[in-house]
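# Analysis of the macromolecular model
Here is what each chain is made of, one letter per residue.
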Amino acid sequence: RTVEPLEYYRRFLKENCRPDGRELGEFRTTTVNIGKCLCSITTADGSALVKLGNTTVICGVKAELAAPAADSANKGYIVPNVELPSLCAERFRSGPPGEEAQAASQFIADVIENSQMIVKEDLCVASGKLAWVLYCDIICLDYDGNLLDASVFALLAALKNVQLPSVTINEETGLSEVNLKQKNPLIIRKHPVATSFAVFDDTLLIVDPTAEEEDLATGTVTIVTDEEGRLCSVHKPGGSPLTGAKLQDCITRAITRHKEVKKLIDKVIKSITPK
């Protein structure tokens, strides 16, 4: 494993299994905790913790009021940020965000935009005057591959947990009045779920790769679908090309994975919803 890691992996792949005992199409155990009970981000308006095998990601959403941009007077903002601190893996260093963290942040921004999970017009309080800004901080606590799947899942779970207070504009003073006793859940229009694959020797696809598998793979691809089976995003950062048939296979498997994740998130939300 140390001297010839790729040959070591190929011996397993020939038998249609992986060193950790999983089949090629098998995901690691996935768990999600939602809300303040999990990790006490008491300052967040919504939070979630997702574990995908050893990969652990936390997401906190903070909502603030701000003036909308002049060219989009009836829209709010969503600002995602992915952090990969040095504590989550030896490969990351302290300091400004590295290339991988920046690429992940951009990927999350694209998923939000392409899936229309939140319509920015829904964040507008008063056109041209006031809108909500959602700061979505996604922090990796333990990195063992497949950051994107865990990040999208944590983001969706945290947003499902957000409750925004009722805000009105006083006609006489023109000032905003916030009613913290009356809160409404955020309107989630779509539920995007990411499914990542590693490509071995340009032909073999394995799902939910570990960090070791990502390093040995000839390429990776991430497919994002919504609950209607609609394709929201395909993220393929270089590497070996995929045939149309292989890509279609990935999309089919991603749609199946979406149902599993959606069922898991609905179950957790039901368990924390007051009777």
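Here's a quick rundown of the structure. Note that this is a predicted model, so its numbers are computed, not measured.

Its 17 residues give helix α3 (residues 99-115) an end-to-end C-alpha distance of 24 Å, which sits within 8% of 24 Å, the value for a rise of 1.5 Å per residue. Taken together, the buried positions of α3 are occupied by Ala101, Ala104, Ser105, Phe107, Ile108, Val111, Ile112 and Ser115. Down the axis of α3, the smallest arc covering the buried residues is 160°, so these residues share one side. Check the buried side of α3 and you find it contacts β4 (77-83), β6 (130-142), α4 (147-160), β11 (219-225) and β12 (231-235). One or two positions beyond α3, positive phi appears at glutamine 116, with a value near 60°.

Now for the pattern of salt bridges. Following the criterion strictly, the structure yields 19 salt bridges and no others. Arginine 91 is the salt-bridge partner of glutamate 100, the closest N and O atoms lying 3.7 Å from each other. We note a salt bridge from aspartate 122 to arginine 189, for which the minimum N-O separation is 2.9 Å. Taken as a pair, aspartate 122 in the loop between α3 and β5 (124-126) and arginine 189 in the loop between β8 (176-185) and β9 (193-200) lie far apart in primary sequence, 67 residues in all. Overall, the relative accessible area of 29% leaves aspartate 122 in the partly exposed class. Judged by relative accessible area, which is 44%, arginine 189 ranks as partly exposed. Each member of the salt-bridge network shares a partner with another, and the members are Arg18, Asp20, Arg22, Arg28, Asp144, Asp208 and Glu213.

Here the focus is the packing of α4 against helix α6 (residues 244-272). In contact at an axis separation of 11 Å, α4 and α6 are set at 35° when each is read in the N-to-C sense. Crossing of α4 against α6: the hand is right-handed. Touching Phe153, Leu156, Ala157 and Lys160 of α4 are Val261, Leu264, Ile265 and Ile269, all from α6. Of the residues in the contact of α4 with α6, the class split is 7 nonpolar, no polar and 1 charged.

The rules behind these values
Residues numbered from 1 in each chain as written. Predicted model: local features only at pLDDT ≥ 70, side-chain atom pairs only at ≥ 80, totals over all residues. Heavy atoms only, no water. Helix = DSSP H or I, 4+ residues; strand = E, 2+ residues; numbered from the N terminus. Expected span 1.5 Å × (residues − 1). Buried < 20%, exposed > 50% of the residue type's maximum accessible area, 1.4 Å probe, protein only. Arc of directions from axis to C-beta. Contact = heavy atoms within 4.5 Å. Salt bridge = Lys/Arg side-chain N within 4 Å of Asp/Glu carboxyl O. Axes fitted to C-alpha atoms, helices over the stretch in contact; angles between N-to-C directions. Left-handed = near helix turned anticlockwise from the far one by under 90°. Nonpolar A, V, L, I, M, F, W, Y, C, P; charged D, E, K, R; others polar.

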